[in-house]
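A closer look at the structure
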Amino acid sequence: MDDKHDGRVTREGIRLHERGDFAGMHAAGRLAASILDEGAEFVFPGQPTGEIDRIITEKVEAAGAGSATIGYRGYQHASCISVNHVVCHGIPGAGIPMGKDETISRNLEKRRPDDRLLDGDILNIDVTVIVDGWFGDSSRMFVAGKPRPQAERLIQVTHDALMRGIEAVRPGNTFGDIGHAIQTYAEGQRMSVVRDFCGHGLGRVFHAPPNVLHYGRAGHGPRLEEGMFFTIEPMLNLGRPETKVLSDDWTAVTRDKSLSAQFEHSVGVTSDGCDIFTLSPAGRFHPTWG
């Protein structure tokens, strides 16, 4: 799909949106964030991931919005739900691939008998909605029950890595500055940054230039300009960064079966910094540890 909305485009093909376009992105981002705000209420041990997706689908429809993922390249769900060592694009209701802590199997193609969450599971829920033609894309981490200390730390570091990347968003900086901020922080915390997936431009389209890498060299890459809209969505692993896509052609897992976490915001570059479109209205972007 091409973005036919009026506006300038950089030589790298990155659209520069008008100031009035920020309102549309805020409306879409607010809905995505609001749906995720309610996520903690329906994430608990014993809950099927398919039921979580059903609830999300109902909430999107009740808001009079569209789901960007239903029908996208054949995908049939309003969310991606990625549990434990699933890095991204986990399919709700399809069963959860078994990790190294589930001794029933060492084969990543094996799945639990059903898709019910277990106590201590961590999961990323990714939602993209369409509101009046604008795309709101966000994801965040949840915990079913009580997290283990290493999982809690992974979630915290991933959240903080995203915020480090966002702090680098301002005119005159480069996309390499964003990736460098994320990579140096994550690796300094002894986590690895997934390199097989990245953030992306968006607006009146789901995916557009640029690719937003979560690693890189400071001062390299296209320069940030006012009016650029894109996602920043780092995926961090407790182990090595390599991933594998399973036979369903969607589910990406860590090759070494280590835990993975991800947080995602959609942002716009302003005249002097960054506007986050997907802020949590309820202040629930980060899980609270009870």
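One can find the structure itself at the top, above this paragraph.
Since the structure is predicted, the reported quantities are computational estimates derived from the model, not experimental observations.

**With respect to the packing of aromatic side chains**
- Using the criterion set out here, one finds eight aromatic pairs in the structure.
- An angle of 65° between the planes, with centres 5.7 Å apart, marks the rings of Phe 22 and Phe 277 as edge-to-face. One end of the pair, Phe 22, is in helix α1 (residues 21-37); the other, Phe 277, is in the segment after β17 (274-276), with 255 residues separating them in the sequence. One exposure class covers both Phe 22 and Phe 277, and it is buried.
- Taken together, a centroid distance of 5.0 Å and an interplanar angle of 65° make the contact between Tyr 75 and Trp 250 edge-to-face.

**Topic: the pairing of strand β10 (residues 208-212)**
- Examined bridge by bridge, strand β9 (residues 199-201) and β10 share three bridges and lie antiparallel to one another. When the bridges of β10 are listed, Gly 201 appears paired with Ala 208.
- Counting the residues that bridge the hairpin from β9 to β10 gives six residues.

**Some points on the pairing of strand β16 (residues 265-269)**
- Among the five residues in β16, five count as buried, and that is most of the element.
- Residues of β16 alternate between two faces, with His 265, Val 267 and Val 269 on one and Ser 266 and Gly 268 on the opposite face, all of them buried.
- Pairing analysis gives four bridges linking strand β11 (residues 229-232) to β16, with the strands arranged antiparallel. By the bridge assignment, Phe 229 is partnered in β16 with Gly 268.
- Of the pairings in the sheet, the one linking β16 to β17 comprises three bridges and is antiparallel in character. Of the residues in β17, the one forming a bridge with Val 269 is Cys 274.
- Count of turn residues in the β16/β17 antiparallel hairpin: four residues.

**A closer look at helix α4 (residues 175-188)**
- Taking 1.5 Å as the rise per residue, α4 with 14 residues should run 20 Å; its terminal C-alpha atoms sit 20 Å apart, in good agreement.
- Burial analysis of α4 places 10 of its 14 residues in the buried class, which makes it a mostly covered element.
- Of the surrounding elements, those touching the buried residues of α4 are α3 (149-167), β8 (192-193), β10, β11 and β12 (235-237).
- Its side-chain oxygen placed 3.3 Å from the backbone nitrogen of Gly 176, Thr 174 serves as the N-cap of α4.
- Looking at the residues trailing α4, positive phi occurs at Arg 190, about 65°.

About the cut-offs
Residues numbered from 1 in each chain as written. Predicted model: local features only at pLDDT ≥ 70, side-chain atom pairs only at ≥ 80, totals over all residues. Heavy atoms only, no water. Phe/Tyr/Trp six-rings, centres within 6.5 Å; stacked < 30°, edge-to-face > 60°. Helix = DSSP H or I, 4+ residues; strand = E, 2+ residues; numbered from the N terminus. Buried < 20%, exposed > 50% of the residue type's maximum accessible area, 1.4 Å probe, protein only. Pairing = 2+ DSSP bridges. Expected span 1.5 Å × (residues − 1). Contact = heavy atoms within 4.5 Å. Polar contact = N/O pair within 3.5 Å; in protein donor to acceptor, adjacent residues only side chain to side chain.

By themselves, these figures tell us nothing about what the structure is for.
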